[in-house]
Amino acid sequence: MATVAPKNAVMERVWSMARKGQKRIVLPETEDERTLQAAEMIEKANLGRVILLGKEDEVRRKAKEAGANIDNIPVIDPEKYEKFEEYAQKLLEIRKGKIASIDDARNLLKNYLYFGVTMVKLDDADGMVAGAVNTSADVERPAFQIIKTAPGISIASAYFAMIVPDCPYGEKGFFLYADSGGHPNPTAEELADIAITTCMTMKNIFGVEEPRAAMLSYSTKGSASHPIVDKVIEATKIANKKRPDLLIDGELQGDAALVPEIGRKKAPGSPVAGRANILIFPDLNAGNIAYKLTERLAKAEAYGPLLQGLDKPVNDLSRGCKATDIVNVAAIVAVKAMVPYGKRD
Ligand SMILES: CC(C)(COP(=O)(O)OP(=O)(O)OC[C@H]1O[C@@H](n2cnc3c(N)ncnc32)[C@H](O)[C@@H]1OP(=O)(O)O)[C@@H](O)C(=O)NCCC(=O)NCCS
Ligand SMILES: CC(=O)OP(=O)(O)O
């Protein structure tokens, strides 16, 4: 089994916090070899206590085939779980008006993603990580429907923690990209909220004292004009009005956001240009394309999509993820479960 270690100082802190918290992390996608290998790595690295979902014999056989030692990890078979009926009743209450009968609730719980999210909702687990097999929409939907947004947060969104090797920009090559996996086409108001939430995430989950968010566009400070640029300008104004204490600036192009000399030239006086550690994309096309290009062309680590704005932690994955990505995403979910309510994002 490959060993895994945190890739930079920010992730070292995340790992060390996760070790202290010993949170219960449910991994529902036990048909996937990477998930089983990650389960062993999470336990070996002492990042938390894993709970696997599935038919026990099958899961243990599959783990052997994958070369993963999961002997000390519990496997819960949802349909045989002693709280299955209790969960069905609770789900019926939570989804009142959306699902018609107890049978509908039972059927939903046979889907391991719904079962895992319900475990988190009802405090039988502290966080869930899935998405190595299922699409992001299928992972996010139960989280949005059952866990819902935290009080005072208008929408959930999804960011990536990016570690770019040999990169002097951002936080020594560490960045948050948002929204790169959740909300397809945010309004200006929603884009402002995504920027604010990501700043809080940078501070509270990753311990970076000065989040600096660039509102990205193909224009810098009026160099081009178009309604799609106007949305970014409007979002920047809203974010600045809502949270004047945060460093959020735009509209900025990618080079002006990252490179000090270019930032000074294109956006003189900007508190963010040339030093952004958070990149906020105008829509999900841009955000998702950008993270995948950074991951593949710059050989960056890409952890996520990490959901923010939810009342409890659920993190998604790309179907193209590595087992080690699952380990890091699990460590982040564990830290999220430790940050006091209301301070999370
Ligand atoms: C996640 C996603 C499936 C949810 O939206 P949807 O399919 O429109 O589903 P619904 O409209 O049925 O919404 C389901 C619930 O989630 C809620 N919801 C949808 N988007 C939300 C958001 N951004 N934040 C919070 N809640 C949200 C809805 O209000 C609804 O709640 P309700 O059932 O209690 O009324 C959709 O936003 C999506 O496909 N996102 C893109 C994911 C993706 O493909 N990413 C790219 C790869 S990473
Ligand atoms: C985040 C993402 O793009 O997920 P996938 O690669 O699974 O579509």
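Bear in mind that the values here come from a model prediction, so they are computed numbers and not experimental data.

Counting 70 residues, the largest nonpolar core has Leu 52, Val 129, Phe 206, Ile 248, Ile 280 and Ile 332 as the members making the most contacts within it. Tallying contributions element by element places helix H13 (residues 323-338) first for this core, with 10 residues. For Phe 206, the contacting residues outside a window of four places in its chain are Val 10, Met 11, Arg 13, Val 14, Tyr 159, Ala 161, Phe 174, Leu 176, Thr 201, Leu 306 and Ile 332. Formed by 30 residues, the second largest nonpolar core is a distinct cluster that contains Ile 99, Leu 113, Phe 115 and Ala 143.

Now for the UniProt feature "domain: Phosphate acetyl/butaryl transferase" (unreviewed entry) in the chain. When the UniProt feature table is mapped onto this chain, "domain: Phosphate acetyl/butaryl transferase" (unreviewed entry) is found at residues 10-334. As a span, residues 10-334 carries 45% helix and 15% strand, and end to end its C-alpha atoms are 15 Å apart.

Our focus in this paragraph is the packing of helix H4 (residues 84-94) against helix H5 (residues 102-109). At a minimum axis distance of 8 Å, the contact between H4 and H5 shows a crossing angle of 115°. The two elements H4 and H5 cross, and the hand of that crossing is right-handed. Residue-level contacts link Phe 84, Glu 85, Tyr 87, Ala 88, Gln 89, Leu 91 and Leu 92 of H4 to Ile 102, Ala 105, Arg 106, Leu 108 and Leu 109 of H5. Partitioned by chemical class, the residues of the contact of H4 with H5 number 9 nonpolar, 1 polar and 2 charged.

Applying the stated criterion across every chain, the model contains 8 aromatic pairs. Taking the centre distance of 5.3 Å and the plane angle of 40° together, the rings of Tyr 87 and Phe 115 count as tilted. You can see Tyr 87 sitting in helix H4 and its partner Phe 115 sitting in helix H6 (residues 112-121), a full 28 residues away along the chain. One exposure class covers both Tyr 87 and Phe 115, and it is buried. Aromatic pair Phe 160 and Tyr 291: ring centres 3.6 Å apart, planes at 15°, arrangement stacked. Taken as a pair, Phe 160 in strand E5 (residues 157-163) and Tyr 291 in helix H12 (residues 284-297) lie far apart in primary sequence, 131 residues in all. We classify Phe 160 as buried; its relative accessible area is 1%. Judged by relative accessible area, which is 2%, Tyr 291 ranks as buried. One aromatic cluster is present, formed by Tyr 81, Tyr 87 and Phe 115 through successive ring pairs.

Turning to unusual backbone geometry, a few remarks are in order. In this structure, Asp 179 follows Ala 178 across a cis peptide bond, with omega equal to -20°. Here Asp 179 shows up in the loop between strand E6 (174-178) and helix H8 (188-204). A cis geometry characterises the amide bond from Gly 250 onward to Glu 251, with omega recorded as -5°. For Glu 251, the location among the structural elements is in strand E8 (residues 247-252). A positive phi angle is found at Gln 22, which is not glycine, with a value near 45°. With respect to the helices and strands, Gln 22 occurs in the loop between helix H1 (9-21) and strand E1 (24-27). Residue classification places Gln 22 among the partly exposed positions, given a relative accessible area of 24%. Even without a glycine there, the phi angle at Lys 299 is positive, about 55°. Within the element layout of this structure, Lys 299 appears in the loop between H12 and strand E10 (301-308).

About the cut-offs
- Residues numbered from 1 in each chain as written.
- Chains lettered and ligands numbered in written order.
- Predicted model: local features only at pLDDT ≥ 70, side-chain atom pairs only at ≥ 80, totals over all residues.
- Heavy atoms only, no water.
- Core = buried A, V, L, I, M, F, W, Y, C linked by side-chain atoms within 4.5 Å.
- Buried < 20%, exposed > 50% of the residue type's maximum accessible area, 1.4 Å probe, protein only.
- Helix = DSSP H or I, 4+ residues; strand = E, 2+ residues; numbered from the N terminus.
- Contact = heavy atoms within 4.5 Å.
- UniProt positions renumbered as here; feature names shortened; annotations may be inferred.
- Axes fitted to C-alpha atoms, helices over the stretch in contact; angles between N-to-C directions.
- Left-handed = near helix turned anticlockwise from the far one by under 90°.
- Nonpolar A, V, L, I, M, F, W, Y, C, P; charged D, E, K, R; others polar.
- Phe/Tyr/Trp six-rings, centres within 6.5 Å; stacked < 30°, edge-to-face > 60°.

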